[in-house]
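Each chain is listed here by its residues.
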Amino acid sequence: MSLLQRDRDIILSNEYVDNFDFAEVEEFVKNASKNLFISHAFKNNKGKTLVQPRGGFPTYDKMHALYEQFAPVVDVLPMTIDSHTRLNDYGSAAKMLRLSEETETDLLNGYPLINHGYRTTRKMVTHFDTPVSLRHGTPDARLLIELAIASGVFEIEGGPITYILPYSKNFPQDKAFLYWKHVERVCAKYSTINEPINRESFGPLTATLVPPCITIVIQIAEMLLSLEEGVKSFSVSFAQTGSLNQDLVTSKVLRKLATKYAHKIGVTDATINLVYHQWMGAFPRDKFKSDSLIDAGAMIASMVGADKIITKTRAEAFGIPTKEDNAQAVANVQYTLNMLRGIPAFVDEEEEENLTNQVDEIFEAIFNDKADTLWRKVFNSIKNGIIDVPFSPHIINNNELITVRDKQSNIRIYKKGKLPISDKSFKYEQSKIDLGQNPNSVVNQIIKDIGVML
Amino acid sequence: MKVVIGVVGNDIHVVANRLIDISLQSRGYEVFNLGVNTYLEEFIDAVIETDAKVLLISSLNGEAEGWCRDLLHLKTKYKLDDVIFVIGGNLSVGEGEESQIVPQFEEYGFDLVYHQKELIVSLDSLDQFVQEKFGVLK
């Protein structure tokens, strides 16, 4: 028996899992409908931006009703997992699920997949025969992804950096790399028997003034760690930055460099997709303004040629949206996307060159780290500030990088901390910033820049 | 001047914490930031270890009320009378009256209490308090 299978046996013999049947699950994946694979949709849907909302409810019935509402308008169904499950606390999730069922109120902020089990969940997933995407935020997702795949959920979001640095204060970063390595291996294993399982990285990070070079470096790093283990379909992603220009430049450089670095580690047979998140920062409380913001996001997704867009709703500022609000938002985004066919190409050579240089300079430092494996190199780079995520709550994050917006709303690097970008790159960033002389102006500017959409 | 900062309790609101960090640094303080999700005992440990002259606790989700009741006890136990204790943010769960909240936290042992005050206004007032107490600016 392989070491991987031995680990899987141990992980699946969890008291909250009811007799996981490996052979039956493998047979299911092998014969599963192609319509369940987003990797298949990406391949056959060239040119169309797939639309995916967000959403997850605790009970099976409410989840089913949500999918019922979504089915006519969406291309990809979301399965957002509750926060107890994300922290591997299946006992609390079970209790809250029972209470939710008894009282008909939602006492969980997502679907507790482990407690529902794969046999039940699979019925729902196969019934809708549409790709489902697993959205979670779990540092140790080794059990969760087994049950997801066994349920017919063939897209797994997350990664060892993007699910740690924005979400956790002290989950050990090195452990996260190893847990996710296991996840990649399981995904790779299932990818050989039918269409590939698609892995997606979470590009928005903290969604708070993250400069594009950091987003791109982390997207590509997680992609490489995944491809290294044999994953054949991977989505890099980023969120609306608040600057149209920066979104366009980011998308071009991200696509170009993702392919370049995949080739650099010798992977040429993987499909790399681009996912665009509508604005992930603070939303206006005015629902008409929210509608405009969502429209603008749909338009930009179209301009960047995103393979998938993940939508927000006009209720964002007020909490978890209703299924009606959510379906309405999707319908509007579909309408806008359909309107915008054949958008002219856009080029900003100066900005593209600057961003490309920054990413290459950071990667040069990562690859030059003395560690023997890629995950250790990336781990060391986070530790020593070569990778620095603004507003990360995690203790490992360096927190020296400071960014502000320029007059065109582009996110610029004000203090580079230990970011190994060249003087030329840094000077370019500095030349765009105009803050005046007031010592309070940086903080004032940051407060204003975070709330740019309010 | 050394200052220890952080967000008390099971509170992960990191944005304001980072802004306080940046602001204090730009005002010349040496900042030891314990970040989000910090317990009262950890704050006290950090003050002792760093020999800080200011402890600035913040709270956004209103949990501070529950966490800070033991402050006076710890302050006496470790003889921290020379340290300036500051708390700021949103200090009550739900709607709270400032006229009630400020004396309540002063009773807990805080020298300065900022409930739903602007960051820069609060830090200006802290600067002034520091100057009056220690006779020097930082």
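Everything that follows concerns the structure shown earlier in this document.
Rules used throughout
Residues numbered from 1 in each chain as written. Chains lettered and ligands numbered in written order. Predicted model: local features only at pLDDT ≥ 70, side-chain atom pairs only at ≥ 80, totals over all residues. Helix = DSSP H or I, 4+ residues; strand = E, 2+ residues; numbered from the N terminus. Rg over C-alpha atoms; globule rule 2.2 N^0.38 Å. Buried ≥ 20, exposed ≤ 12 C-beta atoms within 10 Å, placed from the backbone. Contact = placed C-beta atoms within 7 Å. Nonpolar A, V, L, I, M, F, W, Y, C, P; charged D, E, K, R; others polar. Core = buried A, V, L, I, M, F, W, Y, C linked by C-beta atoms within 7 Å. Pairing = 2+ DSSP bridges. Axes fitted to C-alpha atoms, helices over the stretch in contact; angles between N-to-C directions. Parallel < 35°, antiparallel > 145°, perpendicular 65-115°, else oblique. Left-handed = near helix turned anticlockwise from the far one by under 90°. Arc of directions from axis to C-beta. Right-handed = clockwise from strand over helix to strand, strands pointing away.

**Considering the overall build of chain A**
Next up, step 1: Broken down by element type, chain A carries 18 helices and ten strands.
Next up, step 2: For chain A, whose C-alpha radius of gyration is 21 Å, the value lies close to the compact-globule estimate of 22 Å for 454 residues.
Next up, step 3: Burial status across chain A gives 51% buried among its 454 residues.
Next up, step 4: Contacts spanning at least 24 positions in sequence make up 73% of the contacts within chain A whose residues lie at least 6 apart.

**Observations concerning the interface of chain A and chain B**
Next up, step 1: In this complex, chain A contributes 14 residues to the contact, which on the side of chain B involves 13 residues.
Next up, step 2: No other element matches the five residues that helix α18 (residues 441–450) of chain A contributes to the side of chain A that touches chain B.
Next up, step 3: Counted by class, the side of chain A that touches chain B contains ten nonpolar, three polar and one charged residues.

**A few points about the nonpolar core**
Next up, step 1: If you look at the biggest cluster of nonpolar residues, it comprises 129 residues, and the most contacted ones within it are L144, A148, I149, V217, I220, V359 and I362 of chain A.
Next up, step 2: The dominant element in this core, judged by the number of residues it contributes, is helix α11 (residues 212–228) of chain A, at eleven residues.
Next up, step 3: Setting aside chain neighbours within four positions, we find A148 of chain A in contact with L113, L134, V153 and I156 of chain A.
Next up, step 4: F391 of chain A together with F43, F85 and F110 of chain B belong to the second largest nonpolar core, which has 39 residues in total.

**Structural notes on the sheet that holds strand β3 (residues 54–59) of chain B**
Residue and element names in this part refer to chain B.
Next up, step 1: With parallel pairing, five strands are arranged side by side in an open sheet as β2-β1-β3-β4-β5. The sheet is open, and its two borders are formed by β2 (30–33) and β5 (112–115), each paired with just one other strand. When the angles between neighbouring strand axes are averaged without regard to direction, this sheet yields 15 degrees.
Next up, step 2: Bridge analysis of strand β1 (residues 2–7) against β2 gives four bridges, and the strand direction is parallel. The residue of β2 that forms the bridge with K2 is E30.
Next up, step 3: Sheet strands in contact with helix α6 (residues 119–134) are β3, β4 (84–89) and β5, and its direction is about 170 degrees off that of β4.

**Quick look at the pairing of strand β10 (residues 411–415) of chain A**
Residue and element names in this part refer to chain A.
Next up, step 1: Of all five residues that make up β10, four are buried, and the element is covered over most of its length.
Next up, step 2: Relative to β10, strand β9 (residues 402–405) is paired through four bridges, and the arrangement is antiparallel. Within the sheet, the bridge partner assigned to T403 lies in β10 and is I413.

**Structural notes on the packing of α11 of chain A against helix α15 (residues 349–367) of chain A**
When two helices pack together, their arrangement is given by the angle between the helix axes and by the axis-to-axis distance.
Residue and element names in this part refer to chain A.
Next up, step 1: Viewed as axis vectors pointing N to C, α11 and α15 meet at an angle of 50 degrees, and their least axial separation amounts to 9 Å. Taken together, the axis directions place α11 and α15 in an arrangement best described as oblique. When the axes of α11 and α15 are compared, the crossing they make is right-handed. Along its contact with α11, which presents P212, C213, I216 and V217, the element α15 presents L355, Q358, V359, I362 and F363.

**Structural notes on helix α16 (residues 374–383) of chain A**
Given 3.6 residues per helical turn, the α-helix brings residues three or four places apart onto the same face.
All names here are of chain A.
Next up, step 1: All of the buried residues along α16 are W375, V378, F379, S381 and I382. Along α16, the residues classed as buried sweep out an arc of 160 degrees about the axis, all on the same side.
Next up, step 2: On its buried side, α16 packs onto α10 (173–190), α11 and α15.
Next up, step 3: Phi for G385, located one or two positions after α16, is positive at around 90 degrees.

**A few points about the environment of T313 of chain A**
Residues and elements named next belong to chain A.
Next up, step 1: Looking at the element boundaries, T313 is found in the loop between β8 (308–310) and α14 (323–339).
Next up, step 2: Since 27 C-beta atoms lie within 10 Å of it, T313 is described here as buried.
Next up, step 3: Here the alpha-carbon distance between T313 and N410, two residues 97 residues apart in the chain, equals 24 Å.
Next up, step 4: In contact with T313, other than residues within four places in its own chain, are P321, D325, N326 and A329.

**What about the pairing of strand β6 (residues 233–239) of chain A?**
All names here are of chain A.
Next up, step 1: Most of β6 is tucked away: seven of the seven residues are buried.
Next up, step 2: Both faces of β6 are covered, namely the face carrying S233, S235, S237 and A239 and the face carrying F234, V236 and F238.
Next up, step 3: In this structure, strand β5 (residues 198–200) lies alongside β6, joined through three bridges in parallel fashion. Looking at the pairing, E200 lines up with S235 of β6.
Next up, step 4: Crossover handedness for the path β5 to α11 to β6: right-handed.
Next up, step 5: Bridging between β6 and strand β7 (residues 271–277) involves seven bridges; their strand directions are parallel. Residue S237 lies in a different strand from β7, and its bridge partner there is V275.
Next up, step 6: One crossover worth recording links β6 to the parallel β7 by way of helix α12 (residues 244–264), and it is right-handed.

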